[in-house]
Amino acid sequence: MSTHDSTTGTTAPRSPEALERALAPLAAALGDRLLTPAAAGFAEAATVFVGGPPRIPAAIARVRSTAEVGTALVVARDAGLPLAVRAGGHHQARHALVDGGLVLDLRLLDGVEIDAAAGVGRAQGGVLAGAYTAAAGAQGLATGFGDTATVGVGGITLGGGIGYLSRRDGLTLDNLLGAQVVLADGQVVEAGPDENPDLYWALRGGGGNFGVVTRLDLRLREVGTVTGGMMMWEPTPAGLATILRAFAEGPEEFAGMINVMVAPPAPMIPAELHGTPVLMALLVHSGTSAAADEALAPLRALGPVLDGVRELPYAAMFEGAGGPPAGGVGDARTGFLGRGVWAPDEDWAAAAIEAVSGAAGPAAVNIRPMGGAIGRVDPAATAFAHRDPAFMVTVGGSAPAAEALPATQEWVASAASALGVAGRGYVNFMGAATEEDVRNAYPEATLARLREVKREYDPGNLFASNHNVRP
Ligand SMILES: Cc1cc2nc3c(=O)[nH]c(=O)nc-3n(C[C@H](O)[C@H](O)[C@H](O)COP(=O)(O)OP(=O)(O)OC[C@H]3O[C@@H](n4cnc5c(N)ncnc54)[C@H](O)[C@@H]3O)c2cc1C
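Calculation criteria
Residues numbered from 1 in each chain as written. Predicted model: local features only at pLDDT ≥ 70, side-chain atom pairs only at ≥ 80, totals over all residues. Heavy atoms only, no water. Pairing = 2+ DSSP bridges. Helix = DSSP H or I, 4+ residues; strand = E, 2+ residues; numbered from the N terminus. Contact = heavy atoms within 4.5 Å. Axes fitted to C-alpha atoms, helices over the stretch in contact; angles between N-to-C directions. Core = buried A, V, L, I, M, F, W, Y, C linked by side-chain atoms within 4.5 Å. Buried < 20%, exposed > 50% of the residue type's maximum accessible area, 1.4 Å probe, protein only. Domains from an automatic or database assignment. Phe/Tyr/Trp six-rings, centres within 6.5 Å; stacked < 30°, edge-to-face > 60°. Lys NZ or Arg CZ within 6 Å of the ring centre and 35° of its normal.

1. Details of the sheet that holds strand β5 (residues 83–86)
Next, step 1: Taken in spatial order, the four strands of this open sheet run β3-β4-β6-β5, and their pairing is mixed. Looking along the sheet, the strands with just one partner apiece sit at the ends: β3 (34–35) and β5.
Next, step 2: Two strands pair when backbone bridges link them, and strand β4 (residues 59–62) and strand β6 (residues 102–105) are joined in this way by four bridges, in the parallel orientation. Paired with Ile-60 across the strands is Val-103, a residue of β6.
Next, step 3: Strand contacts of helix α3 (residues 66–79): β4, β5 and β6, with the helix running at about 170° to β6, the strand carrying the most contacts.

2. Focus: the sheet that holds strand β11 (residues 188–191)
Next, step 1: Overall, antiparallel pairing links the five strands, which are arranged β7-β8-β12-β10-β11 in an open sheet. Pairing within the sheet leaves two strands with one partner each, and these edge strands are β7 (112–115) and β11. If you compare each strand with its neighbour and ignore which way they point, the axes differ by 15° on average.
Next, step 2: The pairing of strand β8 (residues 120–124) with strand β12 (residues 212–219) spans five bridges and is classified as antiparallel. For Ala-123, the partnering residue across the bridge sits in β12 and is Leu-216.
Next, step 3: In this fold α3 packs onto β10 (176–182), β11 and β12, with an angle of close to 55° to the strand it touches most, β10.
Next, step 4: Along the sheet, helix α4 (residues 129–137) contacts β7, β8 and β12; its crossing angle with β7, the most-contacted strand, is approximately 30°.

3. Here we look at the environment of Ala-448
Next, step 1: Along the polypeptide, Ala-448 turns up in helix α13 (residues 444–457).
Next, step 2: Measuring from C-alpha to C-alpha, the distance between Ala-448 and His-91 comes to 24 Å, with 357 residues separating the pair along the chain.

4. Considerations on the nonpolar core
Next, step 1: Ranked by size, the top nonpolar core spans 48 residues in total, and within it Tyr-132, Val-153, Val-181, Leu-199, Leu-203 and Leu-450 carry the most contacts.
Next, step 2: Of all the secondary structure elements, the ones that give two or more residues to this core are α4, α5 (153–159), β10, β11, α7 (197–203), β12, α12 (435–441) and α13.
Next, step 3: Considering every element that reaches this core, the biggest residue donor is α7, with five residues.
Next, step 4: Summarising the domain contributions, this core has at least three residues from each of domain 2 (112–222 + 444–457) and domain 3 (225–434).
Next, step 5: Excluding residues that lie within four positions of it along the chain, Tyr-132 makes contacts with Val-112, Ile-114, Gly-121, Ala-123, Val-127, Thr-143, Phe-145, Val-153, Leu-218 and Leu-220.
Next, step 6: Judged by nonpolar contacts, the second largest core, of 39 residues, contains Leu-240, Ala-295, Ala-352 and Ile-353.

5. Considerations on the pairing of β4
Side-chain direction in a regular strand flips from residue to residue, so the side chains alternate between the two faces of the sheet.
Next, step 1: By the bridge criterion, two bridges tie β3 to β4 in an arrangement that is antiparallel. Bridge pairing in β4 places Leu-34 opposite Ala-61.

6. Section: the packing of aromatic side chains
Next, step 1: Per the stated rule, a full pass over the model turns up six aromatic pairs.
Next, step 2: Between Tyr-132 and Phe-145, the aromatic rings sit 5.1 Å apart at their centres with planes inclined by 85°, giving edge-to-face as the arrangement. Of this pair, Tyr-132 sits in helix α4 while Phe-145 is found in the loop between β9 (141–142) and α5, placing the two residues 13 residues apart along the sequence.
Next, step 3: On the basis of relative accessible area, Phe-145 is assigned to the buried category, the value being 0%.
Next, step 4: Grouping aromatic residues by their ring pairs yields a cluster made of Tyr-164, Tyr-314 and Phe-318.
Next, step 5: Sitting over the ring of Tyr-200, Arg-204 keeps its end group 3.7 Å from the ring centre.

Next up, the structure:
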């Protein structure tokens, strides 16, 4: 049997013959959808959004049904093959790849059913946020995800899901009404308030630790035309503090993210700002246009250098929103600031601008207002327990090449520490997945309960390529 290190994603090799024998039942079920390294399509399927040191899976199973998921899990478990589960492939810690193991690629499980009458959207486990949002938007409905179309609904929901509608409707996981889950032994179970409620609790924040979610039932809300888009300003501490206060004190319909970042050479950004630090907000106000104008007034009074905010269908916020280019090497640390209705002061804003100005490569301090509906949920009600913070802050950096990664990691660590966000954090934004990161993601009581659920549903820790809750 091979040995696997879930922190580094590496596995000791096994013989090709032993591997072929182990995979035979899966090869019989999947045919040419079981990709080995020589197969066409393997390289694409072995590439995730974030680059890094090679992690070359022994095989990738492009499953198309719940039954095939079960077969793949049983094969991996019986053969002692390390397993990774891939949906959108966006996790910064590259959980979706496992060196020498089996990747369960869910992307062909891409069905979406929008049941407007029931107010429920049903997404298969490999659906992407943009595809779901377009389908729901066609009926004037939405479930809130983040800000990026290519993120997987599975990954974002199981870890949290903070975005344009979170202050109004809660995190994505607060809108998870139920799920179908394939367990490590291939058994298919339902999780919801009345069926396996312990599993339902753990899925809402505990990530992919408990099984493969093949169907997510998500609450839909009416969201038609919104006021949204991008605004950009030259970076001043007073300006940043004003923007953050406007979000903190604004209505719950008003949400988004603010980046302190070096402006990329994008055509919509004035050329003289390329390569210089800027403040950039991506925002949505989902109330009336008059209420939006009022909430946006302090931002507009700062004299933005770019104001692309306009009325548009909510789903249009996800069109072409792929985020930064895929394949870059980088690091990220995340944490929380303040409590209740609160905003960082000008000193903090100055430190954020200074940190980004001093970065060697592309870097950003990403600031997301929390509060509202996120904070109204009891911290014990879901495995996402960080309910009271006012802001979530993520410090991220990209390295131009793998050799420059240590310098980027050093910058990320020092900027996170300077900005007071080096401790507890949001599991979906963590660039590393050590045991310390797991302890930072989950308060002690939450982690203890997660481990209890893990012992019940995955005692053998088949689902280990994640922020791993050990049984
Ligand atoms: C450009 C970019 C923008 C982002 N924006 C936001 C944002 O606005 N808000 C926010 O909250 N987050 C955001 N994220 C973070 C994102 O939520 C996480 O990276 C999330 O894990 C991505 O899910 P995925 O399915 O794309 O990734 P993957 O890497 O495919 O999945 C990550 C892990 O989740 C688990 N998983 C995924 N699907 C399933 C499933 N169906 N069943 C069981 N386990 C599963 C597995 O353990 C898997 O390894 C962003 C990330 C990037 C790179």
